[in-house]
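Single-letter residue listing:
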Amino acid sequence: MNNIFKKLKISLVIVGIVVGVGYLANNWGNNIEKDNTNESINNSNESINNSNEVLLSKLDKEILQYEDMESDYKELEYLEGILNNQYFVLINKDNKLDKSYVPSNLKKSEAKFLDYAQDNNLENATADAAKKMFDAAAQDGISLIGVSGYRSYSVQKGLYETRIEKNGEEKTRAYTAEPGASEHQSGLAIDILCDEYQTLDEGFEDTDAFRWLTENCYKYGFILRYLKGKEDITGYNYEPWHFRYIGNEEVAKDIMNRGLVFEEYINEVKNKINDLKK
């Protein structure tokens, strides 16, 4: 695209030179043709003016084309910047983390967690954002409580296998990620309930806490990850308690306002990028 800009700039310079030459020719012609008849001078000027109008029209079109291309280039940079955000990583059944992956900057969350919760560590920025979100909710009279944060590959593997034995594979796969496919392994996901409701089921959506979260979570870079009616896209049943940090409040707001899941938004951005590169 940079090559296109260079060619376009060169063409604009050429057109400018031609217009300038026409202008000089006009003045020069007026000076040396003083002895000609007025009719001859007028005809010459009219011809030059017509030529200049054509060149200026072409110049206007070139400028508009350049502005459109510059706008597309800026949009392309913006979209690629979204995908290159370190927190904008897709983790699901088709995009798994390696079993050796452990976030390098885990820390214990200062947000309130259940007393018996063993995995209250989160990725550093996620932990800070969660604390701010919990504090803001408390100011509005909402008492949020964390249930689960970071979960290692081995812990997820044990959890998955235990639930397979207890509930069978079909039911387990609907709610529990296979080892490597869990967002909890990234340290970017947190399960949230409230003091008034401490059961991980769909009943949480009827609480004031859930309503507060869906209206405000984007302000802290979080999205509701597994939406109702999008099970065929996410691969998991609806989970009103599972929130994912993506580190971009503007994008999080767009996702929440439009009722999208992470997979949909990423595919949308990738399609826009491909269209701009054509």
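Residues numbered from 1 in each chain as written. Predicted model: local features only at pLDDT ≥ 70, side-chain atom pairs only at ≥ 80, totals over all residues. Heavy atoms only, no water.

1. Regarding helix α4 (residues 153–167)
Along its 15 residues, α4 runs 21 Å from first to last C-alpha, staying within 8% of the 21 Å computed at 1.5 Å per residue. Once α4 ends, the next one or two residues include G168, with phi positive near 90°. (Helix = DSSP H or I, 4+ residues; strand = E, 2+ residues; numbered from the N terminus. Expected span 1.5 Å × (residues − 1).)

2. Topic: the packing of aromatic side chains
The final tally for this structure, using the stated rule, is seven aromatic pairs. Ring geometry for Y226 and Y236: centres 5.3 Å apart, planes at 65°, overall edge-to-face. Taken together, the residues Y226 in strand β5 (residues 222–226) and Y236 in the loop between α7 (231–234) and β6 (239–245) connect sequence positions 10 residues apart. Just as Y226 is buried, Y236 falls in that class too. Linked through ring pairs, Y87, F222 and Y245 together constitute an aromatic cluster. (Phe/Tyr/Trp six-rings, centres within 6.5 Å; stacked < 30°, edge-to-face > 60°. Buried < 20%, exposed > 50% of the residue type's maximum accessible area, 1.4 Å probe, protein only.)

3. Let's talk about the confidence of the model for the chain
For the chain, per-residue confidence averages 84 on the pLDDT scale, and 75% of positions sit at 70 or higher. Here residues 1–34 scores under 50 on pLDDT; set against residues more than four positions off or in separate chains, the count is 33 contacts. (pLDDT = per-residue confidence, 0-100. Contact = heavy atoms within 4.5 Å.)

4. Observations regarding the environment of T176
Take T176: it is sitting in the loop between α5 (169–175) and β4 (189–194). If sequence neighbours within four positions are ignored, T176 has contacts with Q156, Y160, R163 and Y236. Side-chain polar atoms of T176 contact the side chain of R163, separated by 2.9 Å. (Polar contact = N/O pair within 3.5 Å; in protein donor to acceptor, adjacent residues only side chain to side chain.)

5. Points about the side chain of E239
Take E239: it is sitting in strand β6. This buried residue, E239, is left without a salt bridge; R163 holds the nearest opposite charge, at 7.1 Å. Discounting chain neighbours no more than four positions away, the residues touching E239 are Y175, L224 and Y226. (Lys, Arg positive; Asp, Glu negative; His and termini not counted. Salt bridge = Lys/Arg side-chain N within 4 Å of Asp/Glu carboxyl O.)

6. What about the packing of helix α8 (residues 249–258) against helix α9 (residues 262–277)?
At a minimum axis separation of 10 Å, α8 and α9 run at an interaxial angle of 115°. Along this stretch, α8 crosses α9, giving a crossing that reads as right-handed. Contacts between α8 and α9 involve V251, D254, I255 and R258 from the first element and F262, Y265 and E268 from the second. Of the residues assigned to the contact of α8 with α9, the class counts are four nonpolar, no polar and three charged. (Axes fitted to C-alpha atoms, helices over the stretch in contact; angles between N-to-C directions. Left-handed = near helix turned anticlockwise from the far one by under 90°. Nonpolar A, V, L, I, M, F, W, Y, C, P; charged D, E, K, R; others polar.)

7. Points about the layout of surface pockets
Of the pockets and cavities examined, the largest pocket occupies roughly 670 Å³. Surrounding the largest pocket, 31 residues form its lining, S148, R151, L159, R163 and D191 being those nearest its centre. Contributing elements (two or more residues each) for the lining of the largest pocket: β3 (144–148), α4, β4 and β6. (1 Å grid on protein atoms, 1.4 Å probe; cavity = no way out; pocket = protein on both sides within 12 Å on 5 of 7 lines; lining within 4 Å. Points joined across faces, edges and corners; volume = space filled by probe spheres on them.)

8. Here's the deal with the environment of T199
Summarising the element assignment, T199 is placed in the loop between β4 and α6 (208–216). Using a relative accessible area of 42% as the deciding quantity, one classes T199 as partly exposed. Considered as a pair, T199 and W241 are 42 residues apart in the sequence and their alpha carbons are 9.4 Å apart.

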